[in-house]
Amino acid sequence: MLVPIEWLNDYIDIKDIDTTEFCDRMILSGSDLETCEHFCEEMENVLVGKIEKIERHPDADKLVVCQINVGQEELVQIVTGAPNVFEGALVPVAMHKSRIPGPLHGKAKEEGGTKITKGKLRGVTSYGMLCSAEELGFEDKVVPVAHKEGIWILEEDFEPGMDFAEALGLKQAVVDFDITPNRPDCLAMVGMAREAAATFGRTFSYPDTDLKEEGEGQASDFVSVEIENTENCKRYVARVVTDIKVEQSPWWLQKRLMYAGMRPINNIVDITNFVMLEYGQPIHAFDIRQIKGSKIVVGNAAPGEVFTTLDETERKLTGDMLMIKDAERSVAIAGVMGGLNSEIEEDTTTIVIESANFNGDSVRSTSRKLALRTEASGRFEKGIDPNLCEAAADRVCKLIEMLGAG
């Protein structure tokens, strides 16, 4: 369980406690700690830059020459081959004599980071480089979908010339705890915050789930829920959110996910993943347009049924696998992964939030047979309190409301 210390402070104030002391005392109180990693400590002289002008490279079709405002009197010239740059974009600029965490393709990773100096690209001087998220130390698996290819483009407004790591709060510690099978409650930020509160004698605060509920009608006006297999589904909570606006999440939310080991995708998916990490309760969101007959049925798969999951893989099911269905077909493998046929799209306007409790043995069996292990299945396998369902669903809706996303 990756626990970013900055995120932990949302529930318990431990800003005055040194990271080393935190780790030592958590170990002494019974938590099994694997590693403690400090991100972006090696980053030096990387600034927020605004691309003011882009021109084609005179001798290379795939290169462009950018003039960049980094808060200095003169613009800085950077040559890049990134396909996603545009005039007005805010980007990370590794200046001449800077240092980045790496890895940097084509150069050996140096102790303490990779040094960047000015150089010439096909005869044109480049006084540094524009950076991708990977070059600033993030693994490919956590780089936001919007920035997976090319330079990291900032969506929010930052002043040119600001220290990039300071502006985005990149320098922070992440502790990796090894959670034992008897403590599934600790596969959640609130669980680890409760442990820290007990260890340090601090006050613990639960996440805010107070809702305005301004949408018209009741959830039952949009969708019904029927549980056929009550042995393997102890509880199923559904909420409906209308007027959805699918867009990129704000940086604070993307950062929470990235440091916790997950890739930001869009605001709705990110919120469901955020709440899963926060409460330990997996959440799934369906596009209501794809729920045939406005009906959700929790029951077993048809023997030999073929189902395509969100990872675009066809999977052959057996009759003992628990599925989420609509009036006509399956739309998700319960507790494991949703289906490609009901995923959130850019034009989605109304969604159904699923927060359910599935039998751990059933999920483990399905996950093993399909060779498909996910963050959700790993949590269900260890056992989750059914009472979390409603609170987690409310928390998802609170965040959607807070972000003005529905």
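Residues numbered from 1 in each chain as written. Predicted model: local features only at pLDDT ≥ 70, side-chain atom pairs only at ≥ 80, totals over all residues. Heavy atoms only, no water.

### Description of empty space enclosed by the protein
Argument step 1. Enumeration over the complete set of coordinates arrives at one cavity of 30 Å³ or more.
Argument step 2. Quantified by volume, the largest cavity comes out at close to 60 Å³.
Argument step 3. Around the largest cavity, the lining residues are His147, Trp152, Leu154, Glu155, Glu156, Phe158, Leu168, Trp251 and Gln254. (1 Å grid on protein atoms, 1.4 Å probe; cavity = no way out; pocket = protein on both sides within 12 Å on 5 of 7 lines; lining within 4 Å. Points joined across faces, edges and corners; volume = space filled by probe spheres on them.)

### What about the pairing of strand S14 (residues 284-287)?
Sheet faces and side chains relate simply in a regular strand, where the side chains alternate between the two faces.
Argument step 1. Judged by which residues are buried, S14 turns out to be covered on both faces: His284 and Phe286 on one side and Ala285 and Asp287 on the other are all buried.
Argument step 2. Pairing of S14 with strand S21 (residues 351-358), which is carried by four bridges, proceeds in the antiparallel orientation. Its bridge partner lying in S21, His284 is registered against Glu354. (Buried < 20%, exposed > 50% of the residue type's maximum accessible area, 1.4 Å probe, protein only. Helix = DSSP H or I, 4+ residues; strand = E, 2+ residues; numbered from the N terminus. Pairing = 2+ DSSP bridges.)

### What about the layout of surface pockets?
Argument step 1. In this structure, the largest pocket encloses a volume near 970 Å³.
Argument step 2. Secondary structure elements with two or more residues in the lining of the largest pocket: helix H6 (267-279), S14, strand S19 (330-333), strand S20 (337-338), S21 and helix H8 (375-382).
Argument step 3. It is H6 that provides the largest number of residues to the lining of the largest pocket, a total of four residues.

### Examining helix H5 (residues 251-259)
Argument step 1. Most of H5 is tucked away, with eight of its nine residues classed as buried.
Argument step 2. Those residues of H5 that sit buried are Trp251, Leu253, Gln254, Lys255, Arg256, Leu257, Met258 and Tyr259.
Argument step 3. Gly261 lies just past H5 and shows a positive phi near 95 degrees.

### Some words on the packing of helix H7 (residues 360-370) against H8
Argument step 1. Where H7 meets H8, the axes come as close as 7 Å, and the angle between the chain directions of the two elements is 140 degrees. One way to sum up the angle between H7 and H8 is to call them oblique. Viewed along their axes, H7 and H8 form a crossing whose handedness is left-handed. Side by side, H7 and H8 meet where Gly360, Val363, Arg364 and Ser367 of the first sit next to Ser377, Phe380 and Glu381 of the second. (Axes fitted to C-alpha atoms, helices over the stretch in contact; angles between N-to-C directions. Parallel < 35°, antiparallel > 145°, perpendicular 65-115°, else oblique. Left-handed = near helix turned anticlockwise from the far one by under 90°. Contact = heavy atoms within 4.5 Å.)

### Focus: the pattern of salt bridges
Argument step 1. Considering all chains together, one arrives at 27 salt bridges under this definition.
Argument step 2. Notably, a salt bridge pairs Asp13 with Lys15, separated by 3.6 Å at the nearest N-O pair.
Argument step 3. Judged by its relative accessible area of 45%, Asp13 falls in the partly exposed class.
Argument step 4. Connected through salt bridges with shared partners, the residues Glu6, Asp10, Lys255 and Arg256 form a single ionic network. (Salt bridge = Lys/Arg side-chain N within 4 Å of Asp/Glu carboxyl O.)

### Details of the environment of Phe274
Argument step 1. Examined against the element boundaries, Phe274 turns out to sit in helix H6.
Argument step 2. Residues Phe274 and Gly215, spaced 59 residues apart in sequence, show a C-alpha to C-alpha distance of 23 Å.
Argument step 3. Look past the residues within four positions of Phe274 in its chain and what remains in contact with it is Trp7, Tyr11, Trp252, Leu253, Arg256, Leu257, Arg395 and Leu399.

### A closer look at the environment of Ala238
Argument step 1. Position of Ala238 among the secondary structure elements: in strand S13 (residues 233-241).
Argument step 2. Contacts of Ala238, omitting those with residues within four sequence positions, involve Ala219, Val225, Val352 and Ile353.

### Considering the packing of aromatic side chains
For any two aromatic rings, the description comes down to two numbers: the centre-to-centre distance and the angle of the planes.
Argument step 1. Here the structure, examined in full by the defined rule, presents 11 aromatic pairs.
Argument step 2. Joined through ring pairs, the aromatic side chains of Phe39, Phe138, Trp152, Phe164, Trp251 and Tyr259 make up one cluster. (Phe/Tyr/Trp six-rings, centres within 6.5 Å; stacked < 30°, edge-to-face > 60°.)

### A look at the nonpolar core
When a protein is soluble and globular, its nonpolar side chains tend to lie buried together.
Argument step 1. In terms of nonpolar packing, the biggest core is built from 54 residues, with Leu8, Phe22, Phe177, Ile268, Val275, Ile351 and Ile400 touching the most fellow members.
Argument step 2. Taken together, the elements giving at least two residues each to this core come down to helix H1 (5-8), helix H2 (19-28), strand S11 (173-177), helix H4 (189-200), H5, H6, S21 and helix H9 (388-402).
Argument step 3. Residues within four places of Phe177 in sequence aside, it is in contact with Met1, Val3, Phe22, Met26, Ser31, Asp32, Leu33, Glu34 and Met192.
Argument step 4. With 29 residues, the next largest nonpolar core counts Met323, Ile324, Ala356 and Ile384 among its residues. (Core = buried A, V, L, I, M, F, W, Y, C linked by side-chain atoms within 4.5 Å.)

### Section: unusual backbone geometry
Argument step 1. Phi at Cys40 is positive, roughly 60 degrees, even though this residue is not glycine.
Argument step 2. Mapped onto the elements, Cys40 comes out in the loop between strand S2 (33-38) and strand S3 (44-56).
Argument step 3. The class for Cys40 is buried, based on a relative accessible area of 5%.
Argument step 4. Here Ser294, not a glycine, exhibits a phi torsion of approximately 50 degrees, which is positive.
Argument step 5. One can find Ser294 in the loop between S14 and strand S15 (295-300).

### Some remarks on the confidence of the model for the protein chain
Argument step 1. Confidence in the prediction for the protein chain averages 94 pLDDT; 97% of positions are at 70 or higher.
Argument step 2. Of the regions scoring below 50 in pLDDT, residues 104-110 engages in 11 contacts with residues more than four places distant in sequence or in other chains. (pLDDT = per-residue confidence, 0-100.)

### Topic: the sheet that holds strand S1 (residues 2-4)
Argument step 1. Taken in spatial order, the three strands of this open sheet run S1-S11-S2, and their pairing is antiparallel. Two strands lie at the open edges of the sheet, namely S1 and S2, each paired on one side alone. In this sheet, adjacent strand axes meet at a mean angle of 20 degrees when their direction is disregarded.
Argument step 2. As defined by bridge partners, S2 adjoins S11 across five bridges and the pair is classed as antiparallel. For Thr35, the partnering residue across the bridge sits in S11 and is Asp176.

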